[in-house]
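# Tertiary structure, described
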Amino acid sequence: MNEWDKRYDCEDYVYGVEPNDFLRAHLKEIPKGEVLCLADGEGRNSVFLAEQGYQPTAVDYSAVALDKARRLAATRGVEIETIRADLADFELGRDAWTGIVSIFCHVPESIRQRVYRQVPEALVPGGVFLLEAYTPEQLAYGTGGPPTAELLADLDSLLQPLEGLDIVLARTLEREVIEGQLHTGLAHVAQIIARRPH
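Residues numbered from 1 in each chain as written. Predicted model: local features only at pLDDT ≥ 70, side-chain atom pairs only at ≥ 80, totals over all residues. Heavy atoms only, no water.

Once that is clear, we can look at the sheet that holds strand β2 (residues 55–60). The strands that make up a sheet pair up through hydrogen bonds in the backbone, lying either parallel or antiparallel. Read across the sheet, seven strands follow the order β3-β2-β1-β4-β5-β7-β6 without closing on themselves; strand pairing throughout is mixed. Each edge of the open sheet is held by one strand with a lone partner, namely β3 (81–84) and β6 (166–179). With strand direction ignored, the average angle separating the axes of adjacent strands in the sheet is 15°. Here 13 bridges tie β6 to strand β7 (residues 183–195), and the two strands are oriented antiparallel to one another. If you follow Val-177 over to β7, its bridge partner there is Gly-185. Along the sheet, helix α4 (residues 63–76) makes contact with β2 and β3, crossing β3 at roughly 175°. Taken strand by strand, helix α5 (residues 109–122) contacts β1 (34–38), β4 (97–103) and β5 (123–134), and its axis lies near 150° from that of β5. (Pairing = 2+ DSSP bridges. Helix = DSSP H or I, 4+ residues; strand = E, 2+ residues; numbered from the N terminus. Axes fitted to C-alpha atoms, helices over the stretch in contact; angles between N-to-C directions. Contact = heavy atoms within 4.5 Å.)

What follows concerns unusual backbone geometry. Positive phi, normally seen in glycine, also occurs at Ala-39, with a value near 50°. The backbone phi angle of Asp-95 is positive, close to 50°, even though this residue is not glycine. Looking at the element boundaries, Asp-95 is found in the loop between β3 and β4. Using a relative accessible area of 46% as the deciding quantity, one classes Asp-95 as partly exposed. (Buried < 20%, exposed > 50% of the residue type's maximum accessible area, 1.4 Å probe, protein only.)

Of all the 13 residues making up β7, ten are buried; the element is thus mostly covered by neighbouring parts of the structure. Bridge analysis of β5 against β7 gives seven bridges, and the strand direction is antiparallel. Bridging from a neighbouring strand, Tyr-134 pairs with Val-189 of β7. As consecutive antiparallel partners, β6 and β7 are separated by three residues, and within that stretch Gly-180 has a phi angle of approximately 65°, a positive value.

Moving on to the environment of Phe-22. Note that Phe-22 resides in helix α2 (residues 21–25). Accessibility expressed as a relative area gives 3% for Phe-22, which makes it buried. Residues contacting Phe-22, with those up to four places away along its chain left out, are Leu-130, Leu-131, Glu-132, Leu-169, Arg-171, Arg-175, Gln-191, Ile-192 and Ile-193.

Moving on, we come to the pattern of salt bridges. A full pass over the atoms with the stated rule returns twelve salt bridges. Measuring nitrogen to oxygen at the nearest pair gives 3.9 Å for the salt bridge that ties Arg-76 to Glu-18. With Arg-76 in helix α4 and Glu-18 in the loop between α1 (3–8) and α2, the pair connects residues that are 58 residues apart, well separated along the chain. Looking at Glu-18, the relative accessible area reads 45%, which means it is partly exposed. Taking the shortest distance from any N to any O, the salt bridge between Glu-121 and Arg-94 comes out at 2.8 Å. Here the residue Glu-121 occupies a position in helix α5, and Arg-94 occupies one in the loop between β3 and β4, the gap between them amounting to 27 residues. One continuous salt-bridge network, built from bridges that share partners, spans Glu-18, Arg-24, Glu-51 and Arg-76. (Salt bridge = Lys/Arg side-chain N within 4 Å of Asp/Glu carboxyl O.)

Before going further, it helps to examine the pairing of β1. Looking along a regular strand, one sees side chains alternate from face to face of the sheet. Counting buried residues along β1, four of its five residues qualify, which places the element largely inside the surrounding structure. Here β1 runs beside β4; their pairing, made up of four bridges, is parallel. Among the inter-strand pairings, Cys-37 is bridged to a residue of β4, identified as Val-101.

With that settled, the discussion passes to the environment of Pro-19. Take Pro-19: it is sitting in the loop between α1 and α2. Spatially, the C-alpha atom of Pro-19 lies 8.4 Å from that of Glu-179, the residues being 160 residues apart in sequence.

Structurally, Thr-98 is set in strand β4. With relative accessibility at 14%, the residue Thr-98 sits in the buried group. A polar side-chain atom of Thr-98 sits 2.9 Å from the main-chain carbonyl oxygen of Pro-31. Leave out the neighbours within four places in its chain, and Thr-98 touches Ile-30, Pro-31, Lys-32, Gly-33, Glu-34, Val-35, Leu-123, Val-124, Gly-127 and Val-128. (Polar contact = N/O pair within 3.5 Å; in protein donor to acceptor, adjacent residues only side chain to side chain.)

Following this line, the structure appears as structure tokens:
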């Protein structure tokens, strides 16, 4: 059992069952269709998307988390696709998604660059990439996220691999993040919405 399986191997949904606030607030930016949720864990965001009429695919490294995601979908009366994969070698495809959602997907920089460089071509024309992530400043807050700077990125580093997309929103801010047991309190985050031109 890997470290992520151990983290999720409990009755509770460790990041809660409600969707991320930033995703909820900006959902209408994403055209209806097939949406890829990166590192979606226990499925709170993909299940929410399914409830709103999207066709989500949740990809995560943890089989335990994806089992919980499918259970959550079943209790809500919706369906999601799940893929167990390591983002280090996961292929996003081409012209495949109306939306790609990256919520607190914290991986080493080499993997992050590899994944996000695929985003512009993986979206269909008009498709939208939506991201929220903790910044390196978050280390001083201690309210969630990775404990090491190498898994965190500033706004410029997050934007750099998205060349070719139109940036709709790109900012950092302080906000309250209350998501289950592991994201709790005032936090420092980066938020990005970017659209592939038609």
